[in-house]
Amino acid sequence: MRIVLMGPPGAGKGTQAKRLAETFGMVHLSSGDILRAERSSGSEPGRKMKSYMDAGELVPDEIVVAIMAEAISAQPAEKGLILDGFPRTVPQAEALDVQLSALARPLDAVLVIDAPDELLVERVAGRWSCPQCGRVYHSRYLAPVRAGHCDTCGAELIQRPDDAEAVVRERLDAYHRQTAPVIEYYRSRRPIIQADGSAGPDEVTRLVTEALAARGAAWQGKHGRGD
Ligand SMILES: [Zn+2]
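Calculation criteria
- Residues numbered from 1 in each chain as written.
- Predicted model: local features only at pLDDT ≥ 70, side-chain atom pairs only at ≥ 80, totals over all residues.
- Heavy atoms only, no water.
- Core = buried A, V, L, I, M, F, W, Y, C linked by side-chain atoms within 4.5 Å.
- Buried < 20%, exposed > 50% of the residue type's maximum accessible area, 1.4 Å probe, protein only.
- Helix = DSSP H or I, 4+ residues; strand = E, 2+ residues; numbered from the N terminus.
- Contact = heavy atoms within 4.5 Å.
- Expected span 1.5 Å × (residues − 1).
- Phe/Tyr/Trp six-rings, centres within 6.5 Å; stacked < 30°, edge-to-face > 60°.
- Pairing = 2+ DSSP bridges.
- Axes fitted to C-alpha atoms, helices over the stretch in contact; angles between N-to-C directions.
- Nonpolar A, V, L, I, M, F, W, Y, C, P; charged D, E, K, R; others polar.
- Donors = N, O, S within 2.8 Å, 3.2 Å for Na, K, Ca; no water.
- Tetrahedral: all angles 85-135°; square planar, octahedral: opposite > 155°, others 65-115°.

Asks: I'd like a rundown of the nonpolar core, residues and numbers included.
Replies: Residues V4, M6, L83, L96 and Y186 are the most contacted members of the largest nonpolar core, which totals 29 residues. Of all the secondary-structure elements, those providing two or more residues to this core are β1 (2-6), β2 (26-30), α2 (31-41), α4 (61-73), β3 (80-84), α5 (90-102), β4 (109-114) and α7 (165-187). With sequence-adjacent residues up to four places away left out, M6 is seen in contact with K13, P87, V110, L111, V112, I113, Y175, T179, V182 and I183. The next biggest cluster of nonpolar side chains, apart from the first, holds 24 residues, and it includes A17, I82, A115 and V168.

Asks: Please provide a residue-by-residue account of helix α1 (residues 13-24), values included.
Replies: Here α1 is twelve residues long and its end C-alpha atoms lie 16 Å apart, about the 16 Å a rise of 1.5 Å per residue gives. The positive-phi residue at the C-terminal boundary of α1 is G25, with phi of around 60°.

Asks: Which residues make up the packing of aromatic side chains, and what values go with them?
Replies: Scanning the model with the defined rule gives one aromatic pair in all. Here the aromatic rings of Y185 and Y186 are separated by 5.2 Å at their centres, their planes lie at 70°, and the arrangement is edge-to-face. Y186 shares its class with Y185; the two are buried.

Asks: Could you give an account of the pairing of β4, with specific residues and numbers?
Replies: In terms of burial, β4 is a largely internal element, five of the six residues being buried. Relative to β4, β1 runs parallel, the two being bridged by four bridges. If you follow V4 over to β4, its bridge partner there is V110. Of the strand pairs in this sheet, β4 and strand β7 (residues 192-196) are connected by five bridges, and their pairing is parallel. Each residue of the ladder has a partner; that of D114, found in β7, is D196.

Asks: Can you explain the packing of α5 against α7? Please cite residues and give values.
Replies: Between α5 and α7, the least distance of the axes is 8 Å, while the angle of their chain directions is 35°. Mapping the contact onto sequence places V90, A93, E94, L96 and D97 in α5 and P181, V182, Y185 and Y186 in α7. Taken together, the residues of the contact of α5 with α7 sort by class into seven nonpolar, no polar and two charged.

Asks: How would you explain the coordination of the zinc ion if you had to name every residue and give the values?
Replies: Looking at the metal site, the zinc ion is ligated by C130 (SG), C133 (SG), C150 (SG) and C153 (SG), spaced 2.3 Å from it. For the zinc ion, the four donor atoms are set out with angles of 98 to 123° between them, so the coordination reads as tetrahedral. Read N to C, the donor residues that coordinate the zinc ion are spaced as C-x2-C-x16-C-x2-C. With C133 in the loop between β5 (127-129) and β6 (136-138) and C153 in the loop between β6 and α7, this residue pair connects regions lying 20 residues apart in the sequence.

Right, dumping it as structure tokens:
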């Protein structure tokens, strides 16, 4: 089974991708990890990508697609795939379809884990961590005993710049702007499985596993193979 996983910051996409990869024996390809590795490898596409990023520009779709296509074709054909963080734009989605059909490995479904913006802001903007021991807190769900200080070592807690409320709202706006057209693109082409990410992580895993197992069974019937 090959799927694209989409979801806004704070919906728990990363956690679910890891769990699904384990449950279904799929390879989890996170575009963030792959692009970072490519950039530091000094390869030709990696160098091109770096020059755009150093100039503060968006990396063109064709470079991203070429790197991701390479990563996908490097996987054994019989293994399933979870693409996480890619495709991010309609041109990327179109190019991915062309590449995958050339490899005779089309996508089976698109999984969207979503939640209301206000909940996502509360989740992400409430995250604090200890710079000394790495312990993680949440101002509402997992608050330290003494406000702003680590229970373990007493150090002053910090927030990642990306998690500040205004930045989270910008990230959500960007996600909606970019992703809505990609979901529209897939709507007429692939089954879209929507999961409510406002539940706790274990409940989300249960819902998504059930939905994918149902799709997987249908897929297996169609192709006569278990991947
Ligand atoms: Zn600490």
